[in-house]
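What follows is the residue order along each chain.
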Number of protein chains: 2
Amino acid sequence: VAPVLLRTSVNDFTEEPVSDEVVDGLLRAAMSGPTTGDQRPWHFVVIRDQAVRNKVPEIHRFAHLVPRAPVALLVCGDETLQRDRGFWVQDCAAATENILLEAERRGLGAIWLGIYPIEGLVQAFRRLINVPQHAVPFSLVALGYPVERGRTVSQYDGSRVHIDIWRDKGASTCQE
Amino acid sequence: VAPVLLRTSVNDFTEEPVSDEVVDGLLRAAMSGPTTGDQRPWHFVVIRDQAVRNKVPEIHRFAHLVPRAPVALLVCGDETLQRDRGFWVQDCAAATENILLEAERRGLGAIWLGIYPIEGLVQAFRRLINVPQHAVPFSLVALGYPVERGRTVSQYDGSRVHIDIWRDKGASTCQE
């Protein structure tokens, strides 16, 4: 099975630490993702500090495992680094997905927590991590070694596939 | 080197066709990406038709290789499939990145052409592919076997990495 087809579901993390070398590998994977015009409109904050991680569940409702994750990576977008405005969201998403895939390859479990475009979350993470105004907190990836390795393989859905010209399977089309 | 660290730059495609089986593998990879709340707000249009591909360079300025690519995949978002509105862009970006990585793994070359959020491009692809109003053309991935296999490895940029709390390296911060 191709690596890209597998994901580990995480119910809890072990106490095994995640080395700086592994974090470095994850950051290299993130920065290897494609970006619009190769403009790389991102920053990454490596969050190991327990006190900081403990505060995350107070601001994000799906973050109960973040205090138990040895490390979390905050991916931030930065439109001031971009000529082609408006594309930083997808560039940051590709970087986040690369972190998840590299984590999987290295035997880690990863949880992608969405932040942007929920304004309240963006502001809360901005304050917690001191993110300057030119950058936008985009996603938080909680990382560690999973206690149990549950494998999830998303299902193929043929109803979402169209050939050459979209012939809608049910809903109304926009014929002009 | 981890698969996620490598990308093939594509200067031209050979005439070798891309089989339905390979396209199926790419679509499975795309649909294996994480989506917000597992809501999978995407559709995929498999574009093989030469006449359709020939029209793409007329509407997208970086699309000169699309007529020479045996197949192109149009990734579309669909907010009506989503409870958590606003997250479909990043879900579609993760799906697109999965297509690129799976293509790389299979020896294909892939070119990610951005469409959304450029409104003129969105409308032009909507007309060309007959995309209904509930969906939004997001990206087009041109695929084929590359004539030359140039490897690009994006460089690590330590200035984009911050530890625990963002301490800005130059720009002004938002201390409150």
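Structure report, in brief. (Residues numbered from 1 in each chain as written. Chains lettered and ligands numbered in written order. Predicted model: local features only at pLDDT ≥ 70, side-chain atom pairs only at ≥ 80, totals over all residues. Heavy atoms only, no water.)

## As for the relation of the copies chain A and chain B
With an axial shift of 0.0 Å and an RMSD of 0.0 Å, the rotation relating chain A to chain B amounts to 180 degrees. Taken together, the rotation angle and the small translation identify this as a two-fold axis. Comparing interface residues between copies, 100% of those in chain A also lie at the interface in chain B; the contact surface is shared. (Least-squares fit on C-alpha atoms with pLDDT ≥ 70 in both. Contact = heavy atoms within 4.5 Å.)

## Notes on the interface of chain A and chain B
Contacts between chain A and chain B engage 72 residues on the former and 72 residues on the latter. Taken over both partners, the interface formed by chain A and chain B buries close to 6,300 Å², and the fraction arising from carbon and sulfur atoms is 60%. When the area that chain A buries against chain B is broken down by residue, the three leading residues are A:Arg160, A:Asp164 and A:Trp166, summing to 14%. For the interface between chain A and chain B, the tally reads 0 salt bridges. Taken together, the connections running from chain A to chain B amount to 26 residue pairs in polar contact (both at pLDDT 80 or more). If you list the elements that add at least two residues to the side of chain A that touches chain B, you get helix H1 (20-31), strand S2 (42-47), helix H3 (88-105), strand S4 (109-114), helix H4 (119-129) and strand S7 (161-163) of chain A. Among the elements that make up the side of chain A that touches chain B, the one with the highest residue count is H3(A) (10 residues). (Buried area = accessible area lost by both parts, 1.4 Å probe. Salt bridge = Lys/Arg side-chain N within 4 Å of Asp/Glu carboxyl O. Polar contact = N/O pair within 3.5 Å; in protein donor to acceptor, adjacent residues only side chain to side chain. Helix = DSSP H or I, 4+ residues; strand = E, 2+ residues; numbered from the N terminus.)

## Examining the pattern of salt bridges
All names here are of chain A. By the definition in use, this model includes 14 salt bridges over all chains. Where Arg105 meets Glu102, a salt bridge forms, and the shortest distance between an N and an O atom there is 3.0 Å. One end of the pair, Arg105, and the other, Glu102, are both in helix H3, 3 residues apart, so they sit about a helical turn from each other. According to the relative accessible area criterion, Arg105 is partly exposed, its value standing at 44%. (Buried < 20%, exposed > 50% of the residue type's maximum accessible area, 1.4 Å probe, protein only.)

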